[in-house]
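Results of the structural survey
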Amino acid sequence: MVDIQKIPSPCYVMEEELLRRNLSLIKSVKDRAGVNIILAFKAFSMWKAFPIIREYIPCSTASSIYEAQLAYEEMGSRAHTYSPAYTEEDFPLIMQYSSHVTFNSLSQFNRFYPMIRADGNRISCGLRINPEYSEVETELYNPCAPGSRMGVVRDLLGNTLPEGIEGFHFHTLCESTSYDLERTLVEVEKRFGHFLPSLKWLNMGGGHLMTRKEYNTEHLIALLQQFKAKYPDLEIIMEPGSAFAWQTGFLLTTVVDIVENQGIQTAIIDASFTCHMPDCLEMPYKPVICHATDAVEGKPTYRIGGNSCLSGDYMGDWSFDQPLQIGDKIIFEDMIHYTIVKTTMFNGIPHPSLALWSKDNELVLYRRFTYEDYKNCMS
């Protein structure tokens, strides 16, 4: 049982037992389906927890030079790297830290493949493809929206692949189901299927939320096994991020003031939506607060306001059994995946601390942030 009295506020707290539960499921899918599942840093990169991750999954995917270096140094393996664009300045280090490099365009491949070939072709090169099909409804997260900059559409690819392309990578999902993947694979085969027998690997990207309670993992395993039977020489790679840290922890905050305007009560906390929970505003989605519900007439009801000067730094409304008081704790559930990696120090507001609630029921405080962290970001 987590003892919130031991936790500084604000603080992101990951629960080790919940993380291990997710990891066990992911490893089971990996082993039973005979595919390679790797961790996407874009959703979860709390590297002090990587020793736990490595007990189950040894590899990761990177979207930038820093993520690739983190994979090399803290996961102990070279990254599967994809970026919308590489630069001459960064690419030598991308090569140093990567086992696979996926290019977003043919022009990027033609520009940088000579460097890989000169290095002895120790890196497996791939091309991101755009099947022009996605069931993601939020435009901000839809990589296959009309005019998308992500990946090569079929019309731009000839009948033969350039020498050096060994794999394809597509990413069309976001917190999606195995049935979304099934329909996506139909579109991938329709447009790019004749290339698949000649490739070494196919990376199905992220968005496979296999640790969500309603997700049908048996259907996923059967789907992957059928696909592998159709293309027996093709290595299947999946790189979910959210699935690893889904519902593994929370953000603990404290009420620091309560203000009222035109009958609306706002509880201001010592954290910020725009700084510390940006996905809530971007997606948008309303997070779950422990021991609170959606607004119920007759019950104490509040907006929750952040402590930045952005007028829109709030969400609402939640009802509580008792009126809130200054000093009360507000716990936002499921705040480990994506949330932490998107935090900023806008307004000079510190990041929440980072901590693990261990399986031995002890708080392991990974990091508390200071003025020097803010100042160094500005220097």
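Residues numbered from 1 in each chain as written. Predicted model: local features only at pLDDT ≥ 70, side-chain atom pairs only at ≥ 80, totals over all residues. Heavy atoms only, no water.

**Some thoughts on the pattern of salt bridges**
Tallying each qualifying case throughout the model produces 18 salt bridges. We note a salt bridge from Asp31 to Lys27, for which the minimum N-O separation is 2.7 Å. With Asp31 and Lys27 both in helix H1 (residues 16-33), this residue pair falls four residues apart, about one helical turn. Among the residues examined, Asp31 registers a relative accessible area of 46% and is labelled partly exposed. For Arg183, the salt bridge goes to Asp180, with nearest N and O atoms at 2.9 Å. Taken together, the residues Arg183 and Asp180, both in helix H6 (residues 178-192) and three residues apart, mark about one turn of the helix. With a relative accessible area of 38%, Arg183 lands in the partly exposed category. A relative accessible area of 12% means that Asp180 is categorised as buried. Salt bridges linked by common partners bring Glu132, Glu187, Lys190 and Arg191 together as one network. (Salt bridge = Lys/Arg side-chain N within 4 Å of Asp/Glu carboxyl O. Helix = DSSP H or I, 4+ residues; strand = E, 2+ residues; numbered from the N terminus. Buried < 20%, exposed > 50% of the residue type's maximum accessible area, 1.4 Å probe, protein only.)

**Brief notes about the environment of Leu224**
Along the chain, Leu224 turns up in helix H7 (residues 217-230). Take Leu224: its relative accessible area is 0%, and that puts it in the buried class. Spatially, the C-alpha atoms of Leu224 and Ala33 are 6.1 Å apart, while their sequence positions differ by 191 residues. Setting aside chain neighbours within four positions, we find Leu224 in contact with Ala33, Val35, Met204, Ile236 and Met238. (Contact = heavy atoms within 4.5 Å.)

**Points about H1**
Between its first and last C-alpha, H1 extends 26 Å over 18 residues, near the 26 Å set by a 1.5 Å rise per residue. Those residues of H1 that are buried lie in contact with strand E1 (11-15), strand E2 (36-37), helix H2 (50-54), H7, helix H8 (242-245) and strand E17 (353-357). A positive backbone phi angle near 70° is found at Gly34, which sits one or two residues after H1. (Expected span 1.5 Å × (residues − 1).)

**Details of the state of the cysteines**
In total, this model carries zero disulfides according to the counting rule given. Cysteine Cys174 remains unbridged, with the sulfur of Cys144 as its closest cysteine sulfur at 12 Å. On the basis of relative accessible area, Cys174 is assigned to the partly exposed category, the value being 23%. For the unlinked cysteine Cys290, the closest cysteine sulfur is that of Cys11, found at 16 Å. (Disulfide = S-S within 2.5 Å.)

**Some thoughts on the packing of aromatic side chains**
Per the counting criterion, the structure on display carries 14 aromatic pairs. Measuring from centroid to centroid gives 5.3 Å for Tyr86 and Phe91, while their planes differ by 70°, and the two rings are edge-to-face. Residue Tyr86 shares its accessibility class with Phe91, and that shared class is buried. Between Phe91 and Phe103 the ring centres are 6.1 Å apart and the planes differ by 35°, which places this aromatic pair in the tilted class. In this pair, Phe91 is assigned in helix H4 (residues 91-97) and Phe103 in strand E6 (residues 98-103), connecting sequence segments twelve residues apart. (Phe/Tyr/Trp six-rings, centres within 6.5 Å; stacked < 30°, edge-to-face > 60°.)

**Some words on the sheet that holds strand E7 (residues 124-128)**
Pairing within the open sheet is parallel, and its nine strands lie in the order E2-E10-E9-E8-E7-E6-E5-E4-E3. The two strands at the open ends of the sheet, each matched to only one other strand, are E2 and strand E3 (39-40). Relative to strand E10 (residues 235-238), E2 is paired through two bridges, and the arrangement is parallel. The partner of Ile37 across the bridge, within E10, is Met238. (Pairing = 2+ DSSP bridges.)

**What about the packing of H6 against H7?**
Two elements in contact, H6 and H7, have axes whose closest approach is 9 Å; the angle formed by their N-to-C orientations is 20°. With respect to each other, H6 and H7 are oriented roughly parallel. The interaxial crossing formed by H6 with H7 has left-handed handedness. Residues Ser178, Tyr179, Leu181, Glu182, Leu185 and Glu189 of H6 lie in contact with H7, whose contacting residues are His219, Leu220, Leu223, Phe227 and Lys230. (Axes fitted to C-alpha atoms, helices over the stretch in contact; angles between N-to-C directions. Parallel < 35°, antiparallel > 145°, perpendicular 65-115°, else oblique. Left-handed = near helix turned anticlockwise from the far one by under 90°.)

**Description of the pairing of strand E15 (residues 314-319)**
Of the pairings in the sheet, the one linking strand E13 (residues 293-294) to E15 comprises two bridges and is antiparallel in character. The residue of E15 that forms the bridge with Asp294 is Trp318.

**Here we look at unusual backbone geometry**
Each neighbour pair has its own omega, and for Met283 with Pro284 the value is -20°, a cis peptide bond. Geometrically, the link from Gly316 to Asp317 is a cis peptide bond, its omega value of -5° lying close to zero. Structurally, Asp317 is set in strand E15. In the Ramachandran plot, Asn347 falls in the positive-phi region, its phi being about 70° despite a non-glycine side chain. Note that Asn347 resides in the loop between strand E16 (329-333) and E17. For Asn361, which is not a glycine, the phi torsion comes out positive at approximately 60°. You can call Asn361 partly exposed: its relative accessible area is 38%.

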